[in-house]
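Each chain, written out:
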Amino acid sequence: QVQLVESGGGLVQPGGSLRLSCVASGIIVSMFDMGWYRQAPGKQRELVATITRGGWTNYADSVKGRFTISRDNAKNTVYLQMNSLKTEDTAVYYCNAHKEWPGMLDYWGQGTQVTVSS
């Protein structure tokens, strides 16, 4: 059974930092393209950052220079370091594991709430 368990969310003031963790079981994260997505109230889920099996990273324009995605293969964990947080970063953040060969597989975590407020 595949599980992606996010943690690290919480309440933080604008300008603050948080680090989200996504611990995977049932899959090997280095064999998947891993990503972080977020969904704010009343909005669609959007891509935040991805890291491919080869280690290439990609970021939404809104978080470039502030967020960093990384992967620890030994811990089978993916992280999202979030700095200089803004109120508009408030959302539920979801971890995703995806691959398309030899067959498409797509897994999601349950999400962790991030609230940026003074």
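Residues numbered from 1 in each chain as written. Predicted model: local features only at pLDDT ≥ 70, side-chain atom pairs only at ≥ 80, totals over all residues. Heavy atoms only, no water.

Undergrad: Before we move on, could you go through the environment of Thr115 and cite the residues and values that matter?
TA: Counting through the fold element by element, Thr115 comes out in strand 11 (residues 112–116). Counting along the chain gives 29 residues from Thr115 to Lys86, while the straight-line C-alpha distance between them is 9.3 Å. If we ignore the near neighbours within four places in the chain, the residues touching Thr115 are Gly10, Leu11, Val12 and Thr90. Within the local environment of Thr115, its side chain forms a polar contact with the side chain of Gln113, the two groups lying 3.3 Å apart. (Helix = DSSP H or I, 4+ residues; strand = E, 2+ residues; numbered from the N terminus. Contact = heavy atoms within 4.5 Å. Polar contact = N/O pair within 3.5 Å; in protein donor to acceptor, adjacent residues only side chain to side chain.)

Undergrad: Quick rundown of the sheet that holds strand 1 (residues 3–7)? Include the residues and the values.
TA: The 4 strands lie next to each other as 1-3-8-7, forming an open sheet whose pairing is antiparallel. Looking at which strands have only one partner, the edges of the open sheet turn out to be strand 1 and strand 7 (67–72). Direction aside, neighbouring strands of the sheet carry axes that sit 15° apart on average. With 5 bridges joining them, strand 1 and strand 3 (residues 18–25) adopt antiparallel strand pairing. Across the sheet, Leu4 pairs through a bridge with Ala24, a residue of strand 3. (Pairing = 2+ DSSP bridges. Axes fitted to C-alpha atoms, helices over the stretch in contact; angles between N-to-C directions.)

Undergrad: Help me get a handle on the environment of Val2, residues and values and all.
TA: By the element assignment, Val2 lies in the segment before strand 1. The sequence separation of Val2 and Trp108 amounts to 106 residues, and the corresponding C-alpha distance is 9.3 Å. Those residues in contact with Val2, other than ones at most four positions away along the chain, are Ser25, Gly26, Ile27 and Tyr107.

Undergrad: Could you give an account of the side chain of Arg38, with specific residues and numbers?
TA: Take Arg38: it is sitting in strand 4 (residues 33–39). In this structure the side chain of Arg38 is engaged in a polar contact, spanning 3.4 Å, whose partner is the side chain of Ser62. Within the structure, the side chain of Arg38 is placed 2.9 Å from the side chain of Tyr93, a separation counted as a polar contact. In this view, Arg38 contacts Gln44, Arg45, Glu46, Val48, Ser62, Val63, Phe67, Glu88, Asp89, Ala91, Val92 and Tyr93; residues no more than four positions away in its chain are not counted.

Undergrad: Requested: an account of the pattern of salt bridges, with residues and values cited.
TA: The final tally for this structure, using the stated rule, is 4 salt bridges. With a shortest N-O distance of 2.7 Å, Glu46 and Arg38 are connected by a salt bridge. The exposure class assigned to Arg38 is buried, which follows from its relative accessible area of 6%. Several salt bridges share partner residues, and in doing so they unite Arg38, Glu46, Arg66 and Asp89 into one network. (Salt bridge = Lys/Arg side-chain N within 4 Å of Asp/Glu carboxyl O. Buried < 20%, exposed > 50% of the residue type's maximum accessible area, 1.4 Å probe, protein only.)

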